[in-house]
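Spelled out, the chains give:
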Amino acid sequence: MSDTHPTPTFMILPSDGEETGPAVSPLRPGQNPDAIAISGQWTLIRRRFFSNKVAVFAGIVVLLFYAIGLFAEFLAPTSPTLAQPTFTYAPPQDISLFVTGEDGTRHWEPHVKGYAMTVDPASLRRSFAIDDANVIPIGLFVEGVPYKLWGLFEMNTHLLGPLDPTQPMNLLGTDSLGRDLLSRLIFGTRISMSIGLIGVISSLIIGVTLGALSGYFGGWTDIAIQRLIEVISAMPTIPLWLGLAAAVPIAWSPLQVYFMVTLIVSLLAWTGLAREVRGRFLALRSEDFVTAAILDGSGQMRVIFRHILPSLTSHILAVVTLAIPTMIVAETALSFLGIGLKSPVISWGVLLQDAQNIRTIATAPWLLIWPSGAVVLTVLAFNFLGDGMRDAADPYAT
Amino acid sequence: MLGYVFKRILLMIPTMIGISIISFVIIQLPPGDYLTSLLASMADSGQTVDATEIARMRANYGLDDPMVVQYWKWISGIILRGDFGYSFEWGRPVSELIWDRMGATLSISVAALLFVWAVSLPIGIYSAVKRHSIGDHIATLFGFLGLAIPNFILALTLMYVSYKYFDQSVGGLYSPEYVGADWSWGRVWDLLKHLWIPVIVIGTSGTAALIRILRANLTDELSKPYVVTARAKGLSEYEVIMRYPVRIALNPFVSAIGWVLPQLISGVTITAIVLNLPTAGPLLLRALISQDMYLAGSFILLMGVLTLIGMLVSDLLLALLDPRIRFT
């Protein structure tokens, strides 16, 4: 895929072999060749990464998602568990910025339109329509449902909300209990994104340790670990996840279930990482600096963790980034099927549980659209970011 | 070649044992065992069982044996007698329940694999030959999206779209009037009308991955000197591309069976649950939730074995296609 990425501008030699110029390429003006020649590995990696605009943009998106998860209480317009029995399956409201007064003049007043409810006399089902006459003014930094930010600071300021907290504002609609989907989505971001992060850390520990042992020692250790990896990657993942997740006792607390699900998701994800690490170890094992370290009297652990591993950090980072979306999707799938996280915990998968049958989706398509949109966007962003990191991981390769 | 086949099959055995151990562990994971579940369900229905009877049954089922012995009983029953244990939820031997379902899982997976091949081959070749054209960019975009959208979300979306815009009932493999009917052209047509959604849903991510791989491989091949030579000798552009580079770049198509098949089987599981298809997926989920562990374990075991066989087939085909592989 090297052809899809722009050639980094700092490269002095032609890299693609198509160019048949002079043996020593003319240097591009405005660049100090010495600065590149003497810059360290990480400087080169950074330069190459930042020259890939798509990856940088994807990185910003990923950071934004984490920021949303971090400040969920403040960003959510209301509490994610607050049920509004009168507004079940209420459709999304649009934000308008101007109000047209009775005399026909338009003036600045951000608002959403309220609902007009009609009850079907036969089925007694409520349906909502946007009522243009009912203006609900909204604003930034409004006071609303009180919360404790990170369980520490008592606050009641929300980034965006109706000026009158008793009025409904559901920018993405509501679910079967009349809970605000936007708030739930924002809180779901916290759980879903953190599962990816925690899961990847645990699979990183397993993967790097086993991969390093396998690649460094070789022989029987290698064979045993490789067999194990082969067995695990031969299992179709979803049935195996299902099997493990179904064994989580029902009586466990949401927090325990959360960690168990994370662990299950990461149990199967470490194999790719272990393979990558092993391959690099095999390549690096015979390098001079390793021999030098051994001759210096370093112990095996020191050689592995102090000398070899640091030189693969960039590769590991790339693989890890590409592993996170798999975990997020895994958690979403498990929760969607009802054997992962469960209510009252809110994750994207739990939200999608509400969109399980075609009846509900037909009544309230937003319950499917927004949570799946969040999942797809996150996965895309992580994939682009990871691709960019992988390309930048080895700055000496051409 | 025969030696290679033999060696490859021999290598499969430890992996197979590993898979059976994992399946067995999953059977054993939930607290309690088969008998406690049975007793609980008997107590629910008002039956009482005295202690000696329980002890006799425990001995009978070997529930107090060490794990290794239990494992051996379970696996030898499967290998020697085709006995997969007993499903207490259905009150029938597991072997009566699974084969139809596994057959359906396999058929849909194979259908999806054919779809993956049929779609990714032309698009992959086009993308590599017309690099950086609009069509290529569209294919790349589709590829990224295909990889990013989880199966079940795609299934739900297609369900919604086909419900809303085509007014077609989705889910299941047949319309109600054809369920259990004799085979006829009408039934085949009906099956095809229902099959396209699961096949597209399951095949999309594999297609996307394969397009990327084919494009990268073919791009490498196309810049090699022999292609230039062929072109210089006046071969038509079609011949130049199809004769050699495509043939070489096709290797990943065959090896894809090895890694696409697990994905497909995995995909069928969850897609089938969403679309309510009569494959292993929904039954597996139900068995897991009700802790009908012998049934669940058998499904997991068989799916693993199916994957392994797929990998074996792909390796053998690859060796057949590319003699270099046999000797490494």
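Residues numbered from 1 in each chain as written. Chains lettered and ligands numbered in written order. Predicted model: local features only at pLDDT ≥ 70, side-chain atom pairs only at ≥ 80, totals over all residues. Heavy atoms only, no water.

What follows concerns the overall build of chain B. A tally of helices and strands in chain B yields 15 helices and two strands. For chain B, buried positions account for 47% of its 328 residues. Pairs at least 24 apart in sequence give 74% of the contacts found in chain B among residues at least 6 apart. Surface exposure of chain B reaches about 16,200 Å², of which carbon and sulfur atoms provide 67%. (Helix = DSSP H or I, 4+ residues; strand = E, 2+ residues; numbered from the N terminus. Buried < 20%, exposed > 50% of the residue type's maximum accessible area, 1.4 Å probe, protein only. Contact = heavy atoms within 4.5 Å. Areas by Shrake-Rupley, 256 points an atom, 1.4 Å probe, with all protein chains shown as cover.)

This part takes up the nonpolar core. Where a protein is soluble and globular, its nonpolar side chains tend to be buried together. Counting residues in each nonpolar core, the largest one holds 178 residues, and the members touching the most others are Leu242, Phe281, Leu341 and Trp348 of chain A together with Trp74 of chain B. Excluding its chain neighbours within four sequence positions, the residues that come into contact with leucine 242 of chain A are Leu334, Leu337 and Ile339 of chain A together with Thr269, Leu284, Leu285 and Leu288 of chain B. (Core = buried A, V, L, I, M, F, W, Y, C linked by side-chain atoms within 4.5 Å.)

So, on to the layout of surface pockets. All names here are of chain A. The space that makes up the second largest pocket amounts to roughly 440 Å³. Along its surface, the second largest pocket is lined by 19 residues, and Ile68, Leu172, Leu182, Leu185 and Ile186 are the ones closest to its centre. Listed by contribution, the elements that provide at least two residues to the lining of the second largest pocket are helix H3 (53-70), strand E4 (153-162), helix H5 (181-217) and helix H15 (366-393). Class assignment for the residues of the lining of the second largest pocket results in 17 nonpolar, two polar and no charged. (1 Å grid on protein atoms, 1.4 Å probe; cavity = no way out; pocket = protein on both sides within 12 Å on 5 of 7 lines; lining within 4 Å. Points joined across faces, edges and corners; volume = space filled by probe spheres on them. Nonpolar A, V, L, I, M, F, W, Y, C, P; charged D, E, K, R; others polar.)

To summarise the sheet geometry, strands pair through backbone hydrogen bonds and adopt either a parallel or an antiparallel arrangement. Residue and element names in this part refer to chain A. Across the sheet, which stays open at both edges, the four strands sit in the order E1-E2-E3-E4 with antiparallel pairing between neighbours. This sheet does not close on itself; its edge strands, each paired only once, are strand E1 (95-100) and E4. On average, adjacent strands in this sheet sit at an angle of 55° to one another, irrespective of strand direction. (Pairing = 2+ DSSP bridges. Axes fitted to C-alpha atoms, helices over the stretch in contact; angles between N-to-C directions.)

Residue and element names in this part refer to chain B. Given a rise of 1.5 Å per residue, 15 residues ought to cover 21 Å, and the 21 Å separating the end C-alpha atoms of helix H4 (residues 67-81) matches this to within 8%. Of all the positions in H4, only Gln70, Tyr71, Trp74, Ile75, Ser76, Gly77 and Ile78 are classed as buried. Residues of H4 that are buried sit in contact with helix H1 (2-28) and helix H14 (293-321). Just beyond H4, the residue with positive phi is glycine 82, at close to 65°. (Expected span 1.5 Å × (residues − 1).)

Residues and elements named next belong to chain B. This structure, assessed with the given rule, holds two cavities of 30 Å³ or more. Considered as a void within the structure, the largest cavity measures approximately 70 Å³ in volume. If you trace the largest cavity, you find 11 residues lining it, with Ala139, Thr140, Ile211, Arg212 and Arg215 closest to the centre. Going through the elements one at a time, helix H6 (134-148) and helix H8 (185-222) are the ones with two or more residues in the lining of the largest cavity. Among the elements that line the lining of the largest cavity, the one with the most residues is H6, at five residues. Counted by class, the lining of the largest cavity contains five nonpolar, three polar and three charged residues.

Mean pLDDT over chain B: 80, with 89% of residues reaching 70 or higher. Scored as a complex, the prediction yields pTM 0.78 and ipTM 0.77. (pLDDT = per-residue confidence, 0-100.)

Over its 29 residues, H14 of chain B extends 42 Å from the first C-alpha to the last, a length consistent with the 42 Å expected when each residue adds 1.5 Å. Within H14 of chain B, 22 of the 29 residues are buried, which leaves the element mostly enclosed by the surrounding structure.

Before going further, it helps to examine the side chain of asparagine 383 of chain A. Tracing the sequence through the fold places asparagine 383 of chain A in helix H15. Contact partners of asparagine 383 of chain A, with chain neighbours within four places excluded, come to Leu322 and Pro325 of chain A.

Next up on the list: the interface of chain B and chain A. Facing the 45 residues of chain B at the interface are 40 residues of chain A. For the pairing of chain B and chain A, the buried interface totals around 3,800 Å² over both sides, and the portion due to carbon and sulfur atoms is 80%. Ranking the residues of chain B by area buried against chain A places Phe144, Leu156 and Tyr160 of chain B at the top, with a combined share of 15%. Here chain B and chain A share one salt bridge between them. With a closest N to O distance of 3.3 Å, arginine 212 of chain B and aspartate 387 of chain A form a salt bridge. Inspection of the region where chain B meets chain A yields three residue pairs in polar contact (both at pLDDT 80 or more). Residue assignment for the side of chain B that touches chain A shows that the elements contributing at least two residues are H1, H6, helix H7 (151-164), H8, helix H12 (251-275), helix H13 (280-289) and H14 of chain B. Its residues assigned to classes, the side of chain B that touches chain A comprises 33 nonpolar, nine polar and three charged. (Buried area = accessible area lost by both parts, 1.4 Å probe. Salt bridge = Lys/Arg side-chain N within 4 Å of Asp/Glu carboxyl O. Polar contact = N/O pair within 3.5 Å; in protein donor to acceptor, adjacent residues only side chain to side chain.)

Let us look at the domain arrangement of chain A. Structurally, chain A comprises domain 1 (93-167) and domain 2 (185-392). The C-alpha centroid of domain 2 of chain A is placed 40 Å from the C-alpha centroid of domain 1 of chain A. (Domains from an automatic or database assignment.)

Residue and element names in this part refer to chain B. Taken as a whole and assessed by the stated rule, the structure comprises nine salt bridges over all chains. The partner of aspartate 136 in a salt bridge is arginine 215, with the nearest N and O atoms 2.9 Å apart. In this pair, aspartate 136 sits in helix H6 while arginine 215 sits in helix H8, placing the two residues 79 residues apart along the sequence. Across the pair, arginine 215 and aspartate 136 agree in class, each one buried.

All right, on to the environment of glycine 143 of chain B then. The topology assignment puts glycine 143 of chain B in helix H6. Taking C-alpha positions, glycine 143 of chain B is 9.4 Å from glycine 206 of chain B, a pair spaced 63 residues apart along the chain.

For the pair helix H7 (residues 237-246) of chain A and H13 of chain B, the least separation of the axes is 9 Å and the interaxial angle reads 15°. Considered as vectors, H7 of chain A and H13 of chain B are oriented roughly parallel to each other. Remark: the crossing between H7 of chain A and H13 of chain B carries right-handed chirality. Between H7 of chain A and H13 of chain B, the residues in contact are Pro239, Leu242, Gly243 and Ala246 of chain A and Leu284, Leu285 and Leu288 of chain B, respectively. For the contact of H7 of chain A with H13 of chain B, the residue count by class is six nonpolar, one polar and no charged. (Parallel < 35°, antiparallel > 145°, perpendicular 65-115°, else oblique. Left-handed = near helix turned anticlockwise from the far one by under 90°.)

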